[in-house]
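# Overview (structure and organization)
Given next are the chains, with one letter for each unit.
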Amino acid sequence: MKENKARMSREERQAQILEVSMKIFVEKGYKGTTTAHIAEAAGISEVTLFRNFDSKREIFLQGVVPILTETLEESLRIEDSESPREALERFLSDRLTVISENHGVVRLILMENQMNQELSDIDFIKTSGELIKKGFIRMGFKIENEDFAIRLIMGSILSFLFLPVRNEHAVKEFAGELARIIDSTSTTRGV
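Residues numbered from 1 in each chain as written. Predicted model: local features only at pLDDT ≥ 70, side-chain atom pairs only at ≥ 80, totals over all residues. Heavy atoms only, no water.

### Thoughts on a nonpolar patch on the surface
- A cluster of nonpolar side chains, Leu158, Phe162 and Leu163, forms an exposed patch at the surface whose accessible area comes to about 330 Å².
- Tracing the backbone shows Leu158 in helix 8 (residues 146–162). (Patch = residues over 30% accessible without salt bridge, like charges linked within 9 Å, V, L, I, M, F, W, Y side chains within 5 Å. Areas by Shrake-Rupley, 256 points an atom, 1.4 Å probe, with all protein chains shown as cover. Salt bridge = Lys/Arg side-chain N within 4 Å of Asp/Glu carboxyl O. Helix = DSSP H or I, 4+ residues; strand = E, 2+ residues; numbered from the N terminus.)

### Overview of the pattern of salt bridges
- Scanning the entire structure with this criterion turns up nine salt bridges.
- Ionic pairing is found between Arg77 and Glu79, a salt bridge with its closest N-O pair at 3.1 Å.
- You can call Glu79 partly exposed: its relative accessible area is 34%.
- In the salt-bridge network here, residues are joined through shared partners; they are Glu82, Arg90 and Asp94. (Buried < 20%, exposed > 50% of the residue type's maximum accessible area, 1.4 Å probe, protein only.)

### Digging into the confidence of the model for the chain
- Across the chain, the average pLDDT comes to 86, with 94% of residues at 70 or higher.
- The secondary-structure element of the chain with the lowest mean pLDDT is strand 2 (residues 186–188), recorded at 69, while helix 2 (residues 35–42) shows the highest, at 96. (pLDDT = per-residue confidence, 0-100.)

### Regarding helix 6 (residues 103–115)
- Its 13 residues give helix 6 an end-to-end C-alpha distance of 18 Å, which sits within 8% of 18 Å, the value for a rise of 1.5 Å per residue.
- Within helix 6, burial applies to Val105, Val106, Leu108, Ile109, Leu110, Glu112 and Asn113.
- Packed against the buried residues of helix 6 are helix 1 (10–32), helix 4 (56–75), helix 5 (84–101), helix 7 (124–139) and helix 8. (Expected span 1.5 Å × (residues − 1). Contact = heavy atoms within 4.5 Å.)

### Quick notes on the packing of aromatic side chains
- The tally for this structure, following the rule as stated, stands at five aromatic pairs.
- Look at Phe136 and Phe141: their rings are 6.4 Å apart centre to centre, the planes differ by 65°, and that puts the pair in the edge-to-face class.
- Since its relative accessible area comes to 1%, Phe136 is described here as buried.
- Since its relative accessible area comes to 3%, Phe141 is described here as buried. (Phe/Tyr/Trp six-rings, centres within 6.5 Å; stacked < 30°, edge-to-face > 60°.)

Structure below.
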């Protein structure tokens, strides 16, 4: 194999490896992907790969956590000028857009998380639900039936996973309707 000798910083090399690896993971699945596949696609040796990452699991997790957890936490931020309902609509719109844009990777994550013993210790669904609950509090919502609201949001997210929507207006319209339903089952503080 011919090593890609382009001078890259460690961060640039890691980003390159993560970008390539996520495409291979989506195509071949976690079990079907080897570090040799990733190194070859990145134009590097496996030695170089292992200088940047300790394992295939580390590569997988560093590639998927930003898509699921970090973007979720970021979208739960509250703008000073937003009402709780506006914050909820923006959150839902952001989440549905991220899921639609990354549906291949997210589908892979959820399938691998359920079927692969090596990844079974990470529960992305539970973590997402807990973050959304914390988000409700930050937004100023007191949800009467929190379980219903979480299931409604998670079900909607899953529907966009299997039926991605790239039309920004359609996503915002859906998010607005979903926020209206959730808002009708809650009492908001600080409106």
